[in-house]
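Coordinates in review
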Amino acid sequence: ELLRTGKVPPVKSEPETFLTFVPDVGGFNNVRLALENVLVIARATSRTLVLPPPQTWYKLGDKIHALEEFLPDLLTSQRVSVITAQHFVEDKLPRTHALPPPSNVVDVVKGCHPTHKAPDSCFVWYAWLEEHFGRNEVIPDVGLTCLVFGSLKTNKCGPKTSSFTTKQQAHNRTLLDGYGLYGAAEGPILHMRSSGQATHFHEEIEANRKGRAKDKKIKPMEPARLGRLLAPFYAYVIFPEPSVSNFYKRLIRDVVHFDDRIYKCAHVITRWLGDYSSLHARRGDFQYSSQGTEEVVLRSVKRGEVLWIASDASFRSFSAFERAGRPVVSLAYLLDLQRRQKRHIIIERRLDGLSMPPHEVWAALENIREHEYGVVDVLVAAEGRTFTGT
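Read on for a plain summary of the structure. Residue numbering note: each chain is counted from 1, following its sequence as written. Local features in this predicted model are restricted to residues of pLDDT 70 or higher, and side-chain atom pairs are both shown and tallied only at a pLDDT of 80 or more, whereas totals for entire chains, interfaces and linings draw on every residue. Computation of side-chain values covers all heavy atoms of the structure but excludes hydrogens and water.

1. Focus on the packing of helix 13 (residues 260-273) against helix 17 (residues 359-366)
- The convention used is that axes are lines fitted to C-alpha atoms, helices contributing only their stretch in contact, and that angles between N-to-C directions extend from 0 to 180 degrees. Secondary structure counts use DSSP, requiring at least four H or I residues in a row for a helix and at least two E residues in a row for a strand, with both numbered from the N terminus. Here helix 13 crosses helix 17 at 155°, and the two axes come no closer than 9 Å. In terms of orientation, helix 13 lies roughly antiparallel with respect to helix 17. As helix 13 runs across helix 17, the sense of the crossing is left-handed. Only Glu360, Val361, Ala364 and Leu365 of helix 17 make contact with helix 13, whose side of the interface consists of Cys265, Val268, Ile269, Arg271 and Trp272.
- Taken together, the residues of the contact of helix 13 with helix 17 break down into 7 nonpolar, no polar and 2 charged. For this classification, under 35 degrees means roughly parallel, over 145 means roughly antiparallel, 65 to 115 means roughly perpendicular, and everything else is oblique. In this scheme the handedness of a crossing depends on how the near helix is turned from the far one: anticlockwise by less than a right angle means left-handed, clockwise means right-handed. Between two residues, a contact is recorded if the distance between any of their heavy atoms is within 4.5 Å. All amino acids are sorted into three groups, where Ala, Val, Leu, Ile, Met, Phe, Trp, Tyr, Cys and Pro are nonpolar, Asp, Glu, Lys and Arg are charged, and the leftover types, Gly among them, are polar.

Okay, structure coming up:
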């Protein structure tokens with residue numbers, strides 16, 4: 001009905017138009033937030049979304065993986081038009097009569113590393129896209145602006161955020177015309193810089209940082225986060241018509257979806273755990289240190305209640321909780337049990353009374369690939385009765 005009445009545009013324009021973007025370089029939740037935003041913008045303007053090249057992902061191992069390996073429905077759903085970077089370069093780009101990219105750019109779309117110093121740096125591709133298809137005004141700022149598709153009855157768009165901090169201020173964000181910025185009239189290919197200033201102006205940012213260390217009068221290059229889409233799409237991309245807004249919410253729910261194997265694995269683990277609480281502790285992360293959470297956890301987690309630990313630290317470093325009567329379990333613990341079981345090593349019964357995992361847990365874990373472990377960990381942690389951490 002929405003398509004018939006024109007409230008929602010066709011999946012693809014004719015002739016076909018494209019939107020390229022830079023994935024967030026943070027954790028996978030940040031990657032997913034940015035992806036959801038650009039997917040909605042592409043769908044709202046009938047553009048085909050071009051996925052980033054296969055690459056390594058922060059905290060998900062050293063191997064290169066394509067984004068669609070995590071979210072397989074991106075390429076198979078008929079409700080959106082999404083293609084890989086390699087497909088775009090080899091098949092779609094020549095039809096637009098754009099200048100062909102140089103060979104080093106073509107090589108990168110097959111697989112790359114998202115750092116500037118890597119010999120196969122993904123930013124070779126992103127820099128080429130920005131040079132040829134980027135526009136200065138197509139740099140999102142979720143803290144200071146919002147993108148509106150349609151007519152708002154008010155000029156308000158939620159609280160504004162300072163460009164230097166995340167502290168809310170009294171005034172409202174600036175409204176931007178979504179169709180005007182991203183519409184097909186601007187050309188067949190449009191590139192969005194969407195992972196932060198520092199990733200694009202790496203040398204300038206570094207020089208500025210070193211300069212400020214010597215001279216406090218030098219102003220920082222802010223906002224360094226400009227371009228990062230670290231907001232739910234429904235808080236940044238606004239559709240005034242409720243039925244249209246709901247259409248895009250359902251679209252993201254159904255398309256940006258992990259493989260069912262992952263959900264099943266998380267489900268059987270939570271069913272085995274029963275009533276439990278969760279702790280997210282970042283101790284090996286370069287910018288966080290979740291120390292001092294013990295008192296908070298002991299206040300919120302009942303004695304005898306299982307505590308699921310989602311952490312990059314050693315499982316044994318949380319033994320204080322066990323001594324305080326909170327049985328501790330983590331994905332690393334389960335994987336270690338699984339390895340020992342395969343080698344026929346005797347597994348001692350737990351002294352805290354927690355039953356050993358049933359066969360269905362081992363069977364579900366067997367179907368999970370190494371780069372997907374972090375997703376299972378997050379899903380289990382999210383289902384805890386209480387959640388403590390970052």
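That shown, we press on.
2. Some remarks on the sheet that holds strand 12 (residues 328-330)
- Two strands pair under a simple rule: DSSP has to find at least two bridges between them. In spatial order, the strands read 12-11-10-13; together these 4 strands make up an open sheet with parallel pairing. Looking at the sheet topology across the chains shown, the edges are occupied by strand 12 and strand 13 (387-389). Sheet twist, expressed as the average angle between the axes of neighbouring strands with direction ignored, equals 25°.
- Summarising the sheet, strand 10 (residues 276-281) and strand 13 pair through 3 bridges and their orientation is parallel. Note on strand 13: the bridge partner recorded for serine 278 is phenylalanine 387.
- The strands touched by helix 13 within the sheet are strand 10, strand 11 (306-311) and strand 12, with strand 11 carrying the most contacts at an inclination of about 145°.

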